[in-house]
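Single-letter residue listing:
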Amino acid sequence: MLGRDSQSNLWVNDDRVSRIHAVIEYRQAQYNLSDRSTNGTWIYLGHQEKLFIHQESLLLSSVGTISLGKDWRNFKSHNIDFRVGED
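So, here's what we can say about the structure. Model, not experiment: these values are computed from the prediction. Sequence order as written defines residue numbering, which begins from 1 separately in each chain. Where totals are concerned, whole chains, interfaces and linings use all residues; where local detail is concerned, this predicted model gives features only for residues with pLDDT of at least 70, and gives and counts side-chain atom pairs only at 80 or more. For the side-chain quantities, the full set of heavy atoms in the structure was used; hydrogens and water were omitted.

**Structural notes on the sheet that holds strand β9 (residues 80-83)**
Here's step 1: DSSP bridges decide pairing: two strands pair if at least two such bridges lie between them. Each helix is a run of H or I in the DSSP string that is no shorter than four residues. Each strand is a run of E no shorter than two, and both are numbered from the N terminus. Across the sheet, 4 strands lie side by side as β6-β5-β8-β9; this open sheet has antiparallel pairing. Edge strands, defined here as strands with exactly one partner in the open sheet, are β6 (49-53) and β9. Ignoring which end each strand starts from, the neighbouring axes of this sheet average 20° apart.
Here's step 2: Judged from the 4 bridges that link them, strand β8 (residues 63-68) and β9 form a sheet pairing that is antiparallel. Paired with Thr65 across the two strands is Asp81, which belongs to β9. Angles here are taken between N-to-C directions and fall from 0 to 180 degrees, while the axes themselves are lines fitted to C-alpha atoms, restricted in helices to the stretch in contact.

What follows is the structure in structure tokens.
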């Protein structure tokens, strides 16, 4: 669980981030990110493709960056880099 709630697995203390902003689950050998927020989530896959999700889910693959509540260019201190799969 990612969010502003102090019980989150990854806590982000910013007003643009919802208490329970997003959840990442591992199911059937895949990582799924579900946005549950008011302001949405930006995901950058492979450092090129920019996606915005709001109240929907996305399978995470390859490498990328997750930004909660605001586009990463304006919110760099709260970015989450990820890598899925083998090194």
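On we go.
**A look at the pattern of salt bridges**
Here's step 1: A pair is scored as a salt bridge if a Lys or Arg side-chain nitrogen falls within 4 Å of a carboxyl oxygen belonging to Asp or Glu. Per the stated rule, a full pass over the model turns up 3 salt bridges.
Here's step 2: Where Arg16 meets Asp14, a salt bridge forms, and the shortest distance between an N and an O atom there is 3.0 Å.
Here's step 3: Taking relative accessible area as the criterion, Asp14 reaches 13% and is therefore assigned buried.
Here's step 4: For Asp71, the salt bridge goes to Lys50, with nearest N and O atoms at 2.9 Å. Remark: Lys50 occurs in strand β6 and Asp71 occurs in the loop between β8 and β9; sequence separation between them is 21 residues.
Here's step 5: Note on classification: 1.4 Å probe, protein chains only; a residue is buried when its accessible area is under 20% of the maximum for its type, exposed when over 50%, partly exposed between these limits. Residue classification places Lys50 among the partly exposed positions, given a relative accessible area of 41%.

**Considering the side chain of His21**
Here's step 1: Note on placement: His21 falls in the loop between β2 (10-11) and β3 (22-27).
Here's step 2: A relative accessible area of 0% places His21 in the buried class.
Here's step 3: Of note is the side chain of His21, whose polar atom sits 3.4 Å from the side chain of Ser37.
Here's step 4: Only heavy atoms enter the contact rule, under which two residues are in contact if any of them lie within 4.5 Å. Once you skip the residues sitting within four places of it in the chain, His21 turns out to touch Leu2, Gly3, Arg16, Ser34, Asp35, Arg36, Ser37, Gly40, Thr41, Leu68 and Gly69. Definition of a polar contact: a pair of N or O atoms within 3.5 Å, with one able to donate and the other able to accept a hydrogen when the atoms are protein atoms, and with sequence-neighbouring residues admitted only if both atoms are side-chain atoms.

**A closer look at the environment of Asp81**
Here's step 1: As for its placement among the helices and strands, Asp81 is situated in strand β9.
Here's step 2: Judged by its relative accessible area of 62%, Asp81 falls in the exposed class.
Here's step 3: With 14 residues separating them in the primary sequence, Asp81 and Ser67 have C-alpha atoms 8.9 Å apart.
Here's step 4: When neighbours within four sequence positions are excluded, Asp81 is seen to be in contact with Gly64 and Thr65.
Here's step 5: Separated by 2.8 Å, the side chains of Asp81 and Thr65 make a polar contact.

**Digging into the packing of aromatic side chains**
Here's step 1: Centres within 6.5 Å make a pair out of two Phe, Tyr or Trp rings, where for Trp the six-membered ring is used; the pair is then stacked when the planes are under 30 degrees apart, edge-to-face when over 60, and tilted otherwise. Per the stated rule, a full pass over the model turns up 2 aromatic pairs.
Here's step 2: Seen in terms of ring centroids, Tyr26 and Tyr31 are 4.6 Å apart; in terms of plane orientation they differ by 50°. Their pairing is tilted.
Here's step 3: On the basis of relative accessible area, Tyr26 is assigned to the exposed category, the value being 53%.

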